[in-house]
Amino acid sequence: MYKERIQNLLNELSVGLFEREECLKLVLLSMFAGKSIFLYGPPGTAKSMIARRASLAFDTLGNSRIPNENSTENSRIPSENSRILNKNKGFFAYLMNRFSTPEEIFGPIDIAELKKNNLTRKTDGYLPTAHFAFLDEIWKSSPAILNTLLTIINERIYRDGNTDVKVPLKGIVCASNEFPPANQGLEALYDRMILRYHVKPLENKENFLNLVSNESDKSVELSHTFSLGELDEIITLSKAVSFDESAKEAFCQIKAMIDELRAKPELIKELFGLEGVSAPYISDRRYKECANILKVSAVLNDRNIIVKDDLALLAHSLWEDEKQMELIKKVLEKILGKDEEIKGLKASFKALETKAKNNSFESLKGEFDTLRDKIAAKQISLDNEINSTPNNVFLGFRQKTAIKELKNLALGLDECQTNTLLKDEKNHKMLEVVYEKIQKILQASGVDDSKSVSEVKLAINQFFMGQMNDDELAKKLASVIVFGKMAINASLGFAKLFSEIVAQNSSNDLLAAGAKGISAAISHDKDKLINDLITAVKEHKKA
């Protein structure tokens with residue numbers, strides 16, 4: 001009923017976002033559940049865009065007025081942060097600072113009513129009339145604002161003069177690059193932010209290049225939105241959701257372990273190898289709200305039962321600061337179970353790493369290749385899990401985390417194999433010469449960043465050790481150089497270097513094939529460059 005719509009909605013909302021799918025899912029879940037979420041991370045990481053995007057999932061048209069762009073009632077609010085959009089009338093956003101006043105968040109005093117001795121505000125277009133809100137730099141605001149905000153979040157009530165007004169707020173996203181300062185009376189407000197997520201800058205090179213290369217287009221076309229009536233229906237359905245026995249037991253174990261770690265802090269280092277970390281205090285109210293979010297998640301996945309795997313969502317609810325994130329992750333892994341196959345692969349790598357200290361590259365090559373094949377097979381298996389319909393649409397990132405672990409394991413394996421190879425003095429000297437030539441070729445081609453040089457070195461090692469064929473090497477070399485004249489110079493240089501590496505055990509045909517692979521990967525004028533490369537390779541071979 002809901003699951004397919006949610007998946008389609010996520011696909012629509014994710015357009016143009018890079019490495020923000022997990023954050024988007026959690027913000028959307030918080031809005032469906034009617035809860036607050038805290039986004040922790042540096043400025044410029046798309047926190048406000050994600051909040052706006054997620055709020056677009058809900059049709060609030062006709063429920064609030066759009067302030068005119070030149071309206072005086074909106075003149076004290078920065079337009080970039082607080083404009084209520086045509087397509088999203090129920091959204092309010094504001095960038096907090098220590099000079100923010102209640103008028104900027106809750107609306108200006110109604111002068112006409114004040115003359116009648118009634119202290120009320122004109123709240124249209126401000127937080128008390130919003131269905132969804134984004135408050136940036138939340139901890140920089142004044143106590144007067146935060147105290148009123150606590151009542152709104154906790155009771156969905158705004159006190160306007162002598163009148164308690166029920167607010168239509170469904171979800172609020174708060175953000176900051178810092179945690180609430182201690183001993184400032186902010187603990188109660190922070191505790192109401194049930195979901196929490198650490199937003200990091202982009203890590204993937206390809207995603208970064210896409211971000212800086214593409215035109216910024218924040219508009220999205222949605223065809224799977226939800227009405228406010230459906231939101232209420234989902235909350236009603238969630239009240240009938242229950243935990244299955246395994247989920248009940250696991251939830252109790254999670255609470256018991258966190259309580260034990262608080263009582264015996266020394267166990268944190270003993271069990272998980274973490275230092276300087278304390279276990280969080282989690283109130284009964286917080287556990288209850290976490291359970292409510294799990295129930296909404298079950299409904300949105302077309303289930304009336306919470307299963308054990310659903311508890312992985314608690315990784316984004318139970319920490320208080322950055323240090324505790326890793327602790328909570330390890331607690332959940334211990335109780336919910338970590339992928340045993342990945343554990344086995346890590347154990348195999350450790351054993352092979354130890355064996356490599358006293359054995360030659362040739363004697364261990366078969367074991368290296370076998371382990372690498374197993375890692376690759378596991379990555380394919382996890383990719384297939386992600387591409388298939390997941391049991392919980394909000395938990396697809398579990399597999400992505402596992403894939404990241406496998407990539408790190410593969411890099412460690414490559415490094416270990418390279419070190420084993422270089423123990424042979426002949427190989428070591430040959431590769432040192434190759435590395436020096438790589439550096440010169442890249443510099444002559446306008447590529448001088450250390451990461452590109454490292455990528456090419458790794459590719460050469462993998463090719464030399466039989467882990468990469470000529471076409472794969474060609475594509476890797478092409479991926480770090482630019483098109484045009486510089487690329488041709490680089491490809492000629494790589495072709496010569498390529499011939500040196502394989503000259504000892506390869507024919508001219510293989511060299512020519514390698515040259516063709518390089519040219520096909522980087523050239524616009526393929527025919528001419530192929531001929532140039534083949535000629536260069538054969539001449540170098542003769543020399």
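Residues numbered from 1 in each chain as written. Predicted model: local features only at pLDDT ≥ 70, side-chain atom pairs only at ≥ 80, totals over all residues. Heavy atoms only, no water.

Attention now moves to the overall build of the chain. Counting secondary structure elements, the chain contains 23 helices and 11 strands. A total of 543 residues make up the chain; the buried ones form 48% of that total. In the chain, the share of contacts with a sequence separation of at least 24, taken over all contacts with a separation of at least 6, comes to 75%. For the chain, the accessible surface area stands at approximately 27000 Å², while carbon and sulfur atoms represent 50% of it. (Helix = DSSP H or I, 4+ residues; strand = E, 2+ residues; numbered from the N terminus. Buried < 20%, exposed > 50% of the residue type's maximum accessible area, 1.4 Å probe, protein only. Contact = heavy atoms within 4.5 Å. Areas by Shrake-Rupley, 256 points an atom, 1.4 Å probe, with all protein chains shown as cover.)

Glancing now at the packing of aromatic side chains. Geometry of an aromatic ring pair is reported as the spacing of the ring centres plus the angle between the planes. Scanning the entire structure with this criterion turns up 14 aromatic pairs. Ring plane angle 25 degrees and centroid distance 4.1 Å describe the contact between Y40 and F179, whose orientation is recorded as stacked. Pair noted here: Y40 is in strand 1 (residues 36–40) and F179 is in the loop between strand 7 (171–176) and helix 8 (187–191), with a separation of 139 residues, a long-range link. Between W139 and Y190 the ring centres are 5.7 Å apart and the planes differ by 85 degrees, which places this aromatic pair in the edge-to-face class. With W139 in the loop between strand 4 (132–136) and helix 7 (143–155) and Y190 in helix 8, the pair connects residues that are 51 residues apart, well separated along the chain. An aromatic cluster is built from F38, Y40, W139, F179, Y190 and W319, whose rings are joined through pairwise contacts. Just above the ring of F226 sits the side chain of R5; from NZ or CZ to the centre is 3.9 Å. (Phe/Tyr/Trp six-rings, centres within 6.5 Å; stacked < 30°, edge-to-face > 60°. Lys NZ or Arg CZ within 6 Å of the ring centre and 35° of its normal.)

With that settled, consider the pattern of salt bridges. Counted according to the given criterion, the structure contains 18 salt bridges. For K140, the salt bridge is made with E178, and the minimal N-O distance between the two is 3.3 Å. Taken together, the residues K140 in the loop between strand 4 and helix 7 and E178 in the loop between strand 7 and helix 8 connect sequence positions 38 residues apart. With a relative accessible area of 32%, E178 lands in the partly exposed category. A salt bridge links K355 to E367; the shortest N-O distance between them is 3.1 Å. Taken together, the residues span a long stretch of sequence, with K355 in helix 15 (residues 340–356) and E367 in helix 16 (residues 361–387) at a distance of 12 residues. We classify K355 as partly exposed; its relative accessible area is 36%. Look at E367 and you get partly exposed, because its relative accessible area is 35%. (Salt bridge = Lys/Arg side-chain N within 4 Å of Asp/Glu carboxyl O.)

All right, on to the pairing of strand 4 then. For strand 4, the buried fraction is high: five of the five residues fall into the buried class. Of the two faces of strand 4, the one holding F132, F134 and D136 and the one holding A133 and L135 are both buried throughout. In this sheet, strand 4 lies alongside strand 3 (residues 91–95) in parallel orientation, the contact comprising five bridges. Considered in strand 4, the bridge of F92 is made with A133. (Pairing = 2+ DSSP bridges.)

Before going further, it helps to examine a nonpolar patch on the surface. Together, F208, L209, L211 and V212 make up an exposed nonpolar region whose accessible area comes to about 380 Å². Summarising the element assignment, V212 is placed in helix 9 (residues 205–213). (Patch = residues over 30% accessible without salt bridge, like charges linked within 9 Å, V, L, I, M, F, W, Y side chains within 5 Å.)

Here we come to unusual backbone geometry. The backbone phi angle of A46 is positive, close to 70 degrees, even though this residue is not glycine. Within the element layout of this structure, A46 appears in the loop between strand 1 and helix 3 (47–55). Classification of A46 by relative accessible area gives partly exposed; the value is 26%. Notably, R156 is not glycine yet its phi reads approximately 55 degrees, a positive angle. Topologically, R156 is positioned in the loop between helix 7 and strand 5 (157–160).

Taken in spatial order, the five strands line up as 3-4-7-1-8 in an open sheet, and their pairing is parallel. For this open sheet the edge positions go to strand 3 and strand 8 (195–198), each flanked by a neighbour on one side alone. Each strand of the sheet is rotated relative to its neighbour by a mean of 15 degrees, with strand direction disregarded. Pairing geometry for strand 1 and strand 8, over four bridges, is parallel. Counted as the bridge partner of I37 is L195 from strand 8. Packed onto the sheet, helix 3 meets strand 1, strand 3, strand 4 and strand 7 and runs at close to 175 degrees relative to strand 4. (Axes fitted to C-alpha atoms, helices over the stretch in contact; angles between N-to-C directions.)

By themselves, these figures tell us nothing about what the structure is for.
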